[in-house]
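Analysis of the macromolecular model
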Amino acid sequence: MAQFQIVDDFTFEVCLLPKEKALSFADYLNSIKVRAIAKQGMSDKYYIYVTNELDVSKAKRELLRWAQSPFDKSFNKASWERGETLKSSKEIKSRFYLPLAFDLTSVTTIVEIICVVVYLLSFVFEDFVYEYLALSKADVFTDIFSYYKLITPSFVHFGLMHIAFNLVMFEAIGRPIERSFGIKKYLPLIFSIAIISNVVQYCFMLNDMAVFGGLSGVVYGVIGYSGVISRRDDLPLSFVFQKGLLTVSVLFILLGFFIDGIANFCHLGGLVVGIIWGLWDLRKKTLS
């Protein structure tokens, strides 16, 4: 005989809290016989859910009491009795009052670290980096293992200003996307932008001796995505985007076609992919 079991009956939302407070408050509610759970939302905050509609008002009363007495030890006692400690994200924070706080486990930080490592490596093994990580028209994809070079050019940079501009823009535009919508959205977004923008540049390269690289295709892609998705009304507070940046980016791409030595088709391809992603998500009812 077929059977079924309700796996998740936490359906009644109580509130939205930062991670540490949400987990602690959920433990407290359970300690006073209110079944509760903390579930991660689109941003870095967590929703508190209970199983009984009658418990919603009780939980909200406790939340109000907690807000009035934030240092009351009874609220944290439940977590201590369970013998659990909250795992904090490993971050590098600025001591010079700069708006920097890099989560060492985030995709954005990992990409930035790889770019810096490859850039430093190019000072010692320049030929190796250009031959095996950058991309040129002379490259021939003979087997599945050679297709890695559709990704690695994004990590290669040819000068200090080149890498500095790309990393600053990637940090400013990419990280809010990751924080607001999560890795499941962010990782496919930047990987698809990187691959397609590099393929487009490869197809339009004329000089077999030239090589190209840089994160700018991805940067233009996340700008395109952010510019379109910023038109939604239900975006979390962690998502920020400066109005007009998408227009300025289009103008810079057009200007680049009049300057030698710029991977214009990589920029254009990245921007188009980002805009398409944005239009797709713009039509969705929710971004979760």
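Figured I'd write up the structure that's included with this text.

Conventions and cut-offs
- Residues numbered from 1 in each chain as written.
- Predicted model: local features only at pLDDT ≥ 70, side-chain atom pairs only at ≥ 80, totals over all residues.
- Heavy atoms only, no water.
- Helix = DSSP H or I, 4+ residues; strand = E, 2+ residues; numbered from the N terminus.
- Buried < 20%, exposed > 50% of the residue type's maximum accessible area, 1.4 Å probe, protein only.
- Contact = heavy atoms within 4.5 Å.
- Pairing = 2+ DSSP bridges.
- Axes fitted to C-alpha atoms, helices over the stretch in contact; angles between N-to-C directions.
- Expected span 1.5 Å × (residues − 1).
- Arc of directions from axis to C-beta.
- Salt bridge = Lys/Arg side-chain N within 4 Å of Asp/Glu carboxyl O.
- Polar contact = N/O pair within 3.5 Å; in protein donor to acceptor, adjacent residues only side chain to side chain.
- Phe/Tyr/Trp six-rings, centres within 6.5 Å; stacked < 30°, edge-to-face > 60°.
- Lys NZ or Arg CZ within 6 Å of the ring centre and 35° of its normal.

Moving on: the overall build of the chain. When helices and strands are tallied, the chain shows 10 helices and 7 strands. Residue burial in the chain is summarised as follows: out of 288 residues, 43% are buried. For the chain, the share of sequence-separated contacts (at least 6 apart) that also reach a separation of at least 24 residues comes to 71%.

With that out of the way, let us pick up the sheet that holds strand S1 (residues 12-18). Hydrogen bonds along the backbone pair up the strands of a sheet, which may run parallel or antiparallel. Judged by pairing direction, the sheet is antiparallel, and its 3 strands sit side by side in the order S1-S3-S2 without closing on themselves. Only two strands of the sheet have a single partner each, and these edge strands are S1 and strand S2 (36-40). Each strand of the sheet is rotated relative to its neighbour by a mean of 30°, with strand direction disregarded. Looking at chain direction, S1 and strand S3 (residues 45-50) are connected through 6 bridges and run antiparallel. From the neighbouring strand, Glu-13 faces S3, where its bridge partner is Tyr-49.

Structurally, Ser-249 can be placed in helix H9 (residues 245-256). When the C-alpha atoms of Ser-249 and Gly-224 are compared, they prove to be 8.5 Å apart, with 25 residues separating the residues in sequence. When neighbours within four sequence positions are excluded, Ser-249 is seen to be in contact with Tyr-220 and Ile-223.

It is worth spelling out H9 at this point. For H9, built from 12 residues, the straight-helix expectation of 16 Å at 1.5 Å per residue is met to within 8% by its first-to-last C-alpha distance of 16 Å. Turning to H9, its buried residues are Leu-245, Leu-246, Ser-249, Ile-253 and Gly-256. Along the long axis of H9, the arc covered by the buried residues comes to 95°, so they all point the same way. When the buried face of H9 is taken as reference, the exposed residues oriented beyond 90 degrees from it are Thr-247 and Leu-251. Of the surrounding elements, those touching the buried residues of H9 are helix H6 (160-181), helix H8 (216-229) and helix H10 (264-282).

What follows deals with the pattern of salt bridges. All told, the structure shown has 5 salt bridges when counted by the stated rule. With a shortest N-O distance of 3.1 Å, Glu-62 and Arg-65 are connected by a salt bridge. Linking Glu-62 with Arg-65, this pair stays in helix H2 (residues 54-68), spanning 3 residues, or about one helical turn. The network of salt bridges with shared partners includes Glu-112, Glu-171 and Arg-175.

Here we come to the side chain of Ser-216. Positionally, Ser-216 belongs in helix H8. Judged by relative accessible area, Ser-216 falls into the buried class, the value being 9%. A distance of 2.8 Å separates polar atoms of two side chains, one belonging to Ser-216 and the other to His-267.

Let us look at the packing of aromatic side chains. This structure, assessed with the given rule, holds 10 aromatic pairs. Ring centres 6.5 Å apart and planes at 25° place the aromatic pair Phe-170 and Tyr-186 in the stacked group. Linking Phe-170 in helix H6 with Tyr-186 in helix H7 (residues 183-204), this pair joins segments that are 16 residues apart in sequence. Assigned by exposure class, Phe-170 and Tyr-186 land together as buried. Measuring from centroid to centroid gives 6.5 Å for Phe-181 and Tyr-225, while their planes differ by 80°, and the two rings are edge-to-face. With Phe-181 in helix H6 and Tyr-225 in helix H8, this pair connects stretches of sequence that are 44 residues apart. Exposure remark for Tyr-225: the relative accessible area of 0% places this residue in the buried category. Among the aromatic residues, ring-to-ring pairing joins Phe-181, Tyr-225 and Phe-239 into one connected group. Residue placement shows Lys-39 over the ring face of Tyr-49; its charged tip is 4.8 Å from the ring centre. Note that Lys-137 overlies the ring of Tyr-202, its terminal NZ or CZ placed 4.8 Å from the centroid.

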